[in-house]
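Understanding the architecture of this molecule
So you can see what is in the structure, the chains are spelled out below.
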Amino acid sequence: VNDLAVGAESDNGSYHPSAKNPGAVHIVFMNTDGSVKSTVEIDNTTTNGPNLDINDFFGRSVANIGDLDGDGVNELAVGAPFDRTRDQGAVHILFMNTDGSIKSSVENDSGTSNHCTSNTYDYLGASIAGIGDLDGDGVNDIAAGATHDDNGGTNRGAVRIMFMNTDASVKSCVEINSSTTNGPDLNSSDFFGVSVANIGDLDDDGVNDLAVGAKGDNAEPAGANRGAVHIMFMNTDASVKSTVEINTATPNGPALANTDIFGYGVTEIGDLDGNCVNDLAVGAPQD
């Protein structure tokens, strides 16, 4: 029976009951009828777990990234977007045991070798997705959103592709932002990267593609925060082949109103209608 990992970003861990918000992730072992067999909490007190501080908001995002170290157990990537002194953000890789305990954990942030540079208030880890083995080296890679990245303008946002090693160190990092060739067309306060999903190989070129939410996109009318999702056709080196934006003006697309913030969450749901093309579910929490 498949199990769940659920973030609780305002969990107080060992600081309980004071509201200090280091955050937590709960491993929920499931039964086939949807009832819960048992639960394990991962927080700042967990043996071999993440090193967390006040207001890290660990658990804002969480993703299954597959078996990174080859021991037969899937690993987790967990975002802590307020981590670091000036909220640059971080991604924690948790090497898991089958009972939900932690074998070891590695923090990747602006100080990590080969990592993309994070600046003040970038909020790396606002979203995370396992994207499979993008570069074909046999190790699964990760996409992480940095919603307040300021490349090209205030809070335009970015997604960082982290090419991983089996020990959770970063081999290399590529940032996709408003300056990326063939990348998304962004404006200030788009918050691109609020969500990110591996949508499989949409164009059948052998490379997985990405869907990325931009909750503050003002496609029409200006200033409305209706939101958008950017479909990015990827190359194996994390360069972008092309991008398609889905917003309120898209033919056959969503009917949106002001401040719907469409794109706040996005996930691939497989081929729902049987036409051999993967489909998407997209959240608009202020609809």
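Residues numbered from 1 in each chain as written. Predicted model: local features only at pLDDT ≥ 70, side-chain atom pairs only at ≥ 80, totals over all residues. Heavy atoms only, no water.

This part covers the layout of surface pockets. Each pocket or cavity is described by its volume, and for the largest pocket that value is around 590 Å³. Forming the boundary of the largest pocket are 27 residues, of which Ser127, Ile128, Val194, Ser195 and Val196 lie nearest the centre. Looking at the lining of the largest pocket, the elements that each hand over two or more residues are strand S4 (61-66), strand S8 (124-130), strand S12 (192-198) and strand S16 (265-268). Looking at the lining of the largest pocket, its residues break down into 14 nonpolar, 10 polar and three charged. Of the volumes computed, that of the second largest pocket is approximately 450 Å³. (1 Å grid on protein atoms, 1.4 Å probe; cavity = no way out; pocket = protein on both sides within 12 Å on 5 of 7 lines; lining within 4 Å. Points joined across faces, edges and corners; volume = space filled by probe spheres on them. Helix = DSSP H or I, 4+ residues; strand = E, 2+ residues; numbered from the N terminus. Nonpolar A, V, L, I, M, F, W, Y, C, P; charged D, E, K, R; others polar.)

Turning to the pattern of salt bridges, a few remarks are in order. The tally for this structure, following the rule as stated, stands at 10 salt bridges. With a closest N to O distance of 2.9 Å, arginine 160 and aspartate 122 form a salt bridge. Pair noted here: arginine 160 is in strand S10 (residues 158-164) and aspartate 122 is in the loop between strand S7 (102-109) and S8, with a separation of 38 residues, a long-range link. Overall, arginine 160 belongs to the buried group, its relative accessible area being 0%. (Salt bridge = Lys/Arg side-chain N within 4 Å of Asp/Glu carboxyl O. Buried < 20%, exposed > 50% of the residue type's maximum accessible area, 1.4 Å probe, protein only.)

Attention shifts here to the sheet that holds strand S5 (residues 75-80). What the four strands build is an open sheet, ordered S4-S5-S6-S7; its pairing is antiparallel. This sheet does not close on itself; its edge strands, each paired only once, are S4 and S7. Averaged over neighbouring strand pairs, the angle between their axes works out to 25° when direction is ignored. Taken together, the seven bridges between strand S6 (residues 90-96) and S7 define a ladder with antiparallel strand orientation. Residue methionine 96 lies in a different strand from S7, and its bridge partner there is isoleucine 102. (Pairing = 2+ DSSP bridges. Axes fitted to C-alpha atoms, helices over the stretch in contact; angles between N-to-C directions.)

For the rest of this paragraph, the subject is unusual backbone geometry. Unlike most non-glycine residues, asparagine 155 shows phi in positive territory, near 55°. We classify asparagine 155 as buried; its relative accessible area is 17%. One non-glycine residue, alanine 238, adopts positive backbone phi at about 75°.

Across the sheet, four strands lie side by side as S12-S13-S14-S15; this open sheet has antiparallel pairing. Only two strands of the sheet have a single partner each, and these edge strands are S12 and strand S15 (240-246). Neighbour-to-neighbour, the strand axes of this sheet turn through a mean angle of 25°, independent of strand direction. The sheet contact formed by strand S14 (residues 228-234) and S15 spans six bridges and is antiparallel. By the bridge assignment for S15, methionine 232 is matched with threonine 243.

Before going further, it helps to spend a moment on the packing of aromatic side chains. The final tally for this structure, using the stated rule, is three aromatic pairs. A centroid spacing of 4.7 Å and a plane angle of 40° characterise the contact between phenylalanine 82 and tyrosine 123, whose relative ring orientation is tilted. Here tyrosine 123 lies in the loop between S7 and S8 and phenylalanine 82 lies in the loop between S5 and S6, a separation of 41 residues in the sequence. Looking at phenylalanine 82, the relative accessible area reads 21%, which means it is partly exposed. Judged by relative accessible area, tyrosine 123 falls into the buried class, the value being 14%. Between tyrosine 121 and tyrosine 123 the ring centres are 6.4 Å apart and the planes differ by 55°, which places this aromatic pair in the tilted class. Residue tyrosine 121 is classed as partly exposed on the basis of its relative accessible area of 36%. Members of the aromatic cluster, each reached through a chain of ring pairs, are Phe57, Phe82, Tyr121 and Tyr123. Residue placement shows lysine 215 over the ring face of phenylalanine 191; its charged tip is 5.1 Å from the ring centre. (Phe/Tyr/Trp six-rings, centres within 6.5 Å; stacked < 30°, edge-to-face > 60°. Lys NZ or Arg CZ within 6 Å of the ring centre and 35° of its normal.)

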